[in-house]
2 protein chains.
Amino acid sequence: MEIEKRTIGVNVSKGGVKAVVWAPNAKNVSLRICNGRIDLPMEQKDLGYWHLQTDQLKDGDLYRFVLDGEKFLPDPASLSQPEDVHGPSQVVDLKTFQWTDEGWDNPALESYLLYELHAGTFSPESNFAGIEAKLDYLKELGINAIEIMPVAQFPGGRNWGYDGVFPYAVQHSYGGPKGLQQLVNACHKKSIAVVLDVVYNHLGPEGNYFGEFGHYFTKKYNTPWGNAINFDDAWCDAVRQYYIENALMWFRDFHIDALRMDAVHAINDFSPKHILAEIKEHVDALMKQTGKKHYLIVECDLNDTRYINGLDKQGYGMDSQWVDEFHHALRVTAGGDRTGYYEDFNGLKDLAKAYCDAYVYDGQYSAHRHKNFGVPAKNNPGKQFVVFSQNHDQVGNRMLGERNSQLFSFEMQKLMAAAVLTAPFLPMLFMGEEWAEPNPFLYFVSHTDAELAEAVRKGRKAEFAAFHAQGEAPDPVDEQTFEGSKLQWDLLDKYPHAMMLAYYKTLINLRKTVPALKNLNRQHVQVEANEENKTLVLHRWYQGEHLVVLMNFSDQQQVIALPSTEK
Amino acid sequence: MEIEKRTIGVNVSKGGVKAVVWAPNAKNVSLRICNGRIDLPMEQKDLGYWHLQTDQLKDGDLYRFVLDGEKFLPDPASLSQPEDVHGPSQVVDLKTFQWTDEGWDNPALESYLLYELHAGTFSPESNFAGIEAKLDYLKELGINAIEIMPVAQFPGGRNWGYDGVFPYAVQHSYGGPKGLQQLVNACHKKSIAVVLDVVYNHLGPEGNYFGEFGHYFTKKYNTPWGNAINFDDAWCDAVRQYYIENALMWFRDFHIDALRMDAVHAINDFSPKHILAEIKEHVDALMKQTGKKHYLIVECDLNDTRYINGLDKQGYGMDSQWVDEFHHALRVTAGGDRTGYYEDFNGLKDLAKAYCDAYVYDGQYSAHRHKNFGVPAKNNPGKQFVVFSQNHDQVGNRMLGERNSQLFSFEMQKLMAAAVLTAPFLPMLFMGEEWAEPNPFLYFVSHTDAELAEAVRKGRKAEFAAFHAQGEAPDPVDEQTFEGSKLQWDLLDKYPHAMMLAYYKTLINLRKTVPALKNLNRQHVQVEANEENKTLVLHRWYQGEHLVVLMNFSDQQQVIALPSTEK
């Protein structure tokens, strides 16, 4: 495995391309040049890899791999799928883009102010260019990092991104790989970091040809989303390499600043070295070589510090993780419903615990999980936890996809925003919340396989059993479900949206300028919760400064006596 | 969970018994007293447990649990199943046995000389009393620890023990729980330690009523032997407690000196604290309380030191593990066939590596496993590795169950014994090898379920695909398969068996008396392998002593020049 460049897939090298594909069960493999229908036989190497060096392919050309003379398949490591997931792959020379971000320095993770967005519904254009057009807006808002939901090629043009089947390919309708390079470059010019959401725990159902190539899946484990990726079973080395190189590519070739790895609790790996730790080691090596900083952030539902502890402490070395529990506690405190996983949360006391301990469950019995859950995270710094009052999942996994704007009063939304932005953790907004966007963020897909589309409809309904929601779920396959989930940028200067936006800007500015808010030292945090009045007082200190946040979650005026606490 | 006594199952307490059963899905649970058909309703407690204190049951009485008034089931934590796996459970007062082993002090693990035996085929009597009758013989042989294959109640009277379905019950035909207490006491009086093989990775197929009681299994993982035990999914706490208390019981109530935990690589547990680590913590607590020493030895096929590293190093804290690879390397060096998993082994060089590194595969590519395998075990002391030239699996998993006596020349058998007994690891013999027992050790079962018996026959055949063996496998269900696997004690004083026995005694005596052999410091080991001559020179040092073992694996005389190595 090399740090400097991709070793798998088709990569432009001097005077042509080098093609490498892993197909250990194939008897022979060729590369088909689609323009001209030329099949070039590949040479078998060790461990199931097939190689070819040719000058007959160049940047932009379409190709397929031909297994045993009869299966014409796109490249598992394809960078571009201009004709969608079933179509041929496209050669992309990742080196042609003219980067102008030499001056860019990825800020310290502690200073990240995250903004999660979905490339399809963030802008009217539904693509990277649409995001670029809003960078000035985002800069003015004050955030310094956008987090883009997965962009790996998925079927059709409408998908959250978690059904991607080409982890190396950038969704063509968004602008493809060169479009992403362009966006990252533009972000860096505006001093905005780019976090990319990547999915290493499963592969989508449509256009998934991985099984034809090799042992990408294992039957050792079962996941909620079908086949488990093979990270520790026979033949796992090539699969591990595939994902390690993927992480390296985003950092090296796309200048991505951080990866947000989806649901790593669903990555089953009992190897002596967990795949996340091995990814971390390689990213460390890359950073050493380039001098650039890159962060690894995980979505993890285990409250297990093993993921975020350093490699030297037998941890997996992840820089940070999402903490859904802060959200759950905040939402219940704000008066949200308590069905499904919210049943584990009681409100104010849990929120107070989240401020102090990051994990609400750090060893207690969880009624929802039916077991004791979590470990204490006392020694992990605040920057290791990403908090939010909503995100794509918390909104989109509701049957009607209501944002907080539709569930909470205007004042409560403001309080929730403050609760997040004054937390001693990394705050994250979900696109549009800063102006209380009223449109829902619904679950949508555009599978071309009718049977699959129907299965998704059904699965969606089944998912809502836990929420005991009533009525019919919007059809995920209907284009209107997607269109109706887009942000309405024309609301920005209208009442009451402009007011909310101003409020967010002020809060963000405070977060960036008040030392006691910027500094995430968890030792300098104290919380008093008054369950009777539904008030919470958050104290934060930095050097001589003592900052007090008064939060009133009740629906009436409360008197809070400020104690003379010093720290 | 208590350290002092069992908290689950039926336990004799003052003036009666206390019964506790976990049945979280039941609407009501009663305890049926079989003599008189009296049903005593149990009281529902937290987390799915049901309790009952009654004076209507006493030591020896038969009972069942009645779930929802219609399922009459034996106790999952039954101590005794006098009428086999489908029959009622029996109350056993574990405190009535009159122990006389106060003077017993479990020796240091480093000094263990293990002797694996199967209670059914070791003696003509097929029970614990039959073992006790041979203790003088074993003492004279020189071993100081017997390792008894699993004794948890299984269907019928013929089973290796890995189909047990009552992990707390001692096989009735062997003598039941009181018989085991008697045997352990007798062993201790003869200064022989007792290692008990326990199975925490699966439950047998017949008489398995666990699913009726609770969430003992999870669908998260798949195992080669059916349902995976639920160590980390919803409801796992009770299952974890079940196995932790099981380990504690053997040590506390049966005075067992060490557990050998079967195939722990098939225990799937992604909890923050692995079940083995939690067992270790509890055993540590027990030892602190009693002042007695107990060891945890695992069969593990992962070459991953995480299992044997200390809890303080984020390991699971196991005291020792089996290393099959020493066996594989030795066997191939001795000229054994190279089918199946033996394909990974080349002979002499691997054996040399095993002496030095314990694991042969500690990071290299394994052709059989199709992946890079293992991690170095340089910092783990010799006592953490149990080695052997044969064991129940290596013999019994052959289609014809041939012991080494049927596969290797008499002289080669001697050499293999020396290779094991001079290794800087813990040596283990398999019953009868010390006199070159010619009988096979075949796979046998006595399932009462005809369909299951047939499935076992079929499964057995499928298993031999990897060995490419020819001919028909003996019928595992046929009683003759069991009878023909028994040791022939009348061979002991016959030629050539008496000669082998004398040889083993001499070797064992050397092992016990020569400091350079007794001392397992791995830094004081050096090996020279000469592949051309098929000779291996093993050097061991202790203080001023330098011991040289010359091994000639060729079939002719070889000249070995002794180097003047000092260390």
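Analysis parameters
Residues numbered from 1 in each chain as written. Chains lettered and ligands numbered in written order. Predicted model: local features only at pLDDT ≥ 70, side-chain atom pairs only at ≥ 80, totals over all residues. Heavy atoms only, no water. Least-squares fit on C-alpha atoms with pLDDT ≥ 70 in both. Contact = heavy atoms within 4.5 Å. Buried area = accessible area lost by both parts, 1.4 Å probe. Salt bridge = Lys/Arg side-chain N within 4 Å of Asp/Glu carboxyl O. Polar contact = N/O pair within 3.5 Å; in protein donor to acceptor, adjacent residues only side chain to side chain. Helix = DSSP H or I, 4+ residues; strand = E, 2+ residues; numbered from the N terminus. Nonpolar A, V, L, I, M, F, W, Y, C, P; charged D, E, K, R; others polar. Buried < 20%, exposed > 50% of the residue type's maximum accessible area, 1.4 Å probe, protein only. Pairing = 2+ DSSP bridges. Phe/Tyr/Trp six-rings, centres within 6.5 Å; stacked < 30°, edge-to-face > 60°.

S.K.: Would you take a moment to explain the relation of the copies chain B and chain A for this structure?
M.R.: Both copies of the chain are related by a screw-like operation: a rotation about an axis and a shift along it. Superposing chain B onto chain A takes a rotation of 180° combined with a translation of 0.0 Å along the rotation axis, leaving an RMSD of 0.0 Å. In the structure described here, the two chain copies are related by an operation that fits a two-fold rotation axis. Distance from the rotation axis, computed per C-alpha, reaches its smallest value in chain B at tyrosine 221 of chain B: 2.3 Å.

S.K.: Can you walk me through the interface of chain B and chain A in this structure?
M.R.: When the parts of a complex come together, some accessible area is lost, and that lost area is often used as the size of the interface. Residue-level contacts link 29 residues of chain B with 29 residues of chain A. Taking both partners together, chain B and chain A bury about 2400 Å²; carbon and sulfur atoms supply 53% of that area. Along the contact surface separating chain B from chain A lie zero salt bridges. The interface formed by chain B and chain A includes 15 residue pairs in polar contact (both at pLDDT 80 or more). Elements that contribute at least two residues to the side of chain B that touches chain A include exactly β15 (217-223), α5 (236-254) and β21 (371-372) of chain B. Partitioning the side of chain B that touches chain A into residue classes produces eleven nonpolar, seven polar and eleven charged.

S.K.: I'm lost on the pairing of strand β10 (residues 114-117) of chain A in this one. Help?
M.R.: For a regular strand, the rule is simple: side chains alternate between the two faces of the sheet. Residue and element names in this part refer to chain A. Along β10, one buried face is formed by Leu114 and Glu116 and the opposite face, lined by Tyr115 and Leu117, is buried too. Examined bridge by bridge, β10 and strand β11 (residues 145-148) share four bridges and lie parallel to one another. Within β11, the position partnered with tyrosine 115 by the bridge is isoleucine 146. By the bridge criterion, three bridges tie β10 to strand β23 (residues 426-430) in an arrangement that is parallel. Bridged to tyrosine 115 within β23 is leucine 429.

S.K.: I would appreciate a short explanation of the packing of aromatic side chains in the present structure.
M.R.: Given two aromatic rings, their pairing is described by the distance between the two centres and the angle made by the two planes. All names here are of chain B. Applying the stated criterion across every chain, the model contains 72 aromatic pairs over all chains. Centre to centre, the rings of tryptophan 22 and tryptophan 235 are 6.3 Å apart; their planes meet at 55°, and the pair counts as tilted. Residue tryptophan 22 is located in strand β2 (residues 16-22), and its partner tryptophan 235 is located in the loop between β16 (226-229) and α5; the two are separated by 213 residues in the primary sequence. With relative accessibility at 17%, the residue tryptophan 235 sits in the buried group. Taking 5.7 Å as the distance between ring centres and 80° as the angle between the ring planes, the aromatic pair formed by phenylalanine 441 and phenylalanine 444 counts as edge-to-face.

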